[in-house]
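Coordinate analysis (summary)
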Amino acid sequence: MRLNFSSMIEAAKKDYLAKTGHKYLNIKGVMFDMDGVLFDSMPLHAEAWVKTFTQIGIPFTHRQVYLNEGRTGAATIDEQFQIYFNRHSTVEEQQEIYRIKSGIFKQLPKPNLIPGIVDVVQFLADNNIARTVVTGSGESSTLERLEQNFHGLFNRSLIVTALDVKQGKPFPEPYLMGLQKLRLAPNEALVVENAPLGIQAGVAAGVFTIGVNTGILEKSDLETAGANLVFDNMQQLLEALPALISD
Ligand code: CA
């Protein structure tokens, strides 16, 4: 397995260049999704969303939360309104329902960090690779914890949240904005994601996109979404990084 690791990365790079038409990859920055990549917060989000939707009479499962992950709260709410109430939700309804969800989420325990993620981010900092966070979340409680938990490894002014974009993941806008903030071209960055819609967004932005399967989905869910590489955990990503950031 170990022997095939670097040939797997080379094959994935070649495949990326063939698909995008770029001549080379020259990695100067990495854009991290937040929930399920930095924080092990998805089980908590799942619990909060399922409870919220149950309150308004919409059946919603944990797997659905994971499949919708990356969308803004407003988009998730609106889709369920169309399915169950046969109409769009109003902005007021979206805000009220998201307020309920946030209230439940804040009552739950604080999420832990994803095992191994600090080593990954620290490795990049040590190698002068820029870092940012691109998230569909608008949860201020989690965003505030970024600074405490990563001790200055992320610069707040470079972070893209749900509040910054018109069209969230799976649209490319969040990652295009991340590239703009880092002042990088698509072939100068990596995206690290755990969710199918987030992977679609990274690929649509033209960026080499890595799926790390930290949740309840199948590895194939991330591969089908178009990830250039899929890893089982952050330890594997850390092992792959030297090969990924070298020319
Ligand atoms: Ca995520």
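Details of the structure are given in the entry above.
Figured I'd write up the structure that's included with this text.

Calculation rules
Residues numbered from 1 in each chain as written. Predicted model: local features only at pLDDT ≥ 70, side-chain atom pairs only at ≥ 80, totals over all residues. Heavy atoms only, no water. Helix = DSSP H or I, 4+ residues; strand = E, 2+ residues; numbered from the N terminus. Buried < 20%, exposed > 50% of the residue type's maximum accessible area, 1.4 Å probe, protein only. Contact = heavy atoms within 4.5 Å. Polar contact = N/O pair within 3.5 Å; in protein donor to acceptor, adjacent residues only side chain to side chain. Salt bridge = Lys/Arg side-chain N within 4 Å of Asp/Glu carboxyl O. Donors = N, O, S within 2.8 Å, 3.2 Å for Na, K, Ca; no water. 1 Å grid on protein atoms, 1.4 Å probe; cavity = no way out; pocket = protein on both sides within 12 Å on 5 of 7 lines; lining within 4 Å. Points joined across faces, edges and corners; volume = space filled by probe spheres on them. Nonpolar A, V, L, I, M, F, W, Y, C, P; charged D, E, K, R; others polar. Domains from an automatic or database assignment.

A look at the environment of T214
Turning to its location among the elements, T214 is positioned in the loop between β4 (208-212) and α10 (219-224). Using a relative accessible area of 28% as the deciding quantity, one classes T214 as partly exposed. With 107 residues separating them in the primary sequence, T214 and Q107 have C-alpha atoms 23 Å apart. Setting aside anything within four residues of it in sequence, one finds T214 in contact with G36, I114 and N194. Here G36 takes part through its backbone oxygen, which lies 2.6 Å from a polar atom of the side chain of T214.

Overview of the pattern of salt bridges
One pass over the full model with this rule turns up 11 salt bridges. Between K19 and D15 there is a salt bridge, and its shortest N-O distance comes to 2.9 Å. Taken together, the positions of K19 and D15, both in helix α1 (residues 2-20) and four residues apart, correspond to about one turn of that helix. Judged by relative accessible area, which is 63%, K19 ranks as exposed. Since its relative accessible area comes to 34%, D15 is described here as partly exposed. A salt bridge links R87 to E93; the nearest nitrogen and oxygen atoms lie 2.7 Å apart. Among the residues examined, E93 registers a relative accessible area of 24% and is labelled partly exposed. One salt-bridge network, in which partners are shared between bridges, spans D33, K169 and E193.

Some remarks on the coordination of the calcium ion
In this structure, D33 (OD), D35 (O), E69 (OE) and N194 (OD1) serve as the protein donors to the calcium ion, at separations of 2.0 to 2.3 Å. Mapped onto the sequence, the residues coordinating the calcium ion show the spacing D-x1-D-x33-E-x124-N. Residue D35 is found in the loop between β1 (29-32) and α2 (42-55), and its partner E69 is found in the loop between α3 (62-68) and α4 (73-84); the two are separated by 34 residues along the sequence. By the burial criterion, D35 is buried, and E69 matches it.

Details of empty space enclosed by the protein
Counted by the stated rule, this structure contains three cavities of 30 Å³ or more. Here the largest cavity is characterised by a volume of approximately 250 Å³. For the largest cavity, the lining is made up of 21 residues, of which H45, W49, E69, G70 and R71 are closest to its centre. Among the elements of the structure, α2, α3, α4 and α5 (91-107) are those that each provide at least two residues to the lining of the largest cavity. Looking at the lining of the largest cavity, its residues break down into five nonpolar, 10 polar and six charged. When residues of the lining of the largest cavity are sorted by domain, at least three fall in each of domain 1 (6-41 + 114-245) and domain 2 (42-107). Space inside the second largest cavity adds up to approximately 70 Å³. Forming the boundary of the second largest cavity are L44, F105, K106, L108, P109, K110, P111, S141, T142 and R145. Sorting the residues of the lining of the second largest cavity by element identifies α5 and α7 (140-150) as the ones contributing at least two each. Per-element tally for the lining of the second largest cavity: the top contributor is α7, with three residues. Looking at side-chain class alone, the lining of the second largest cavity contains five nonpolar, two polar and three charged residues.

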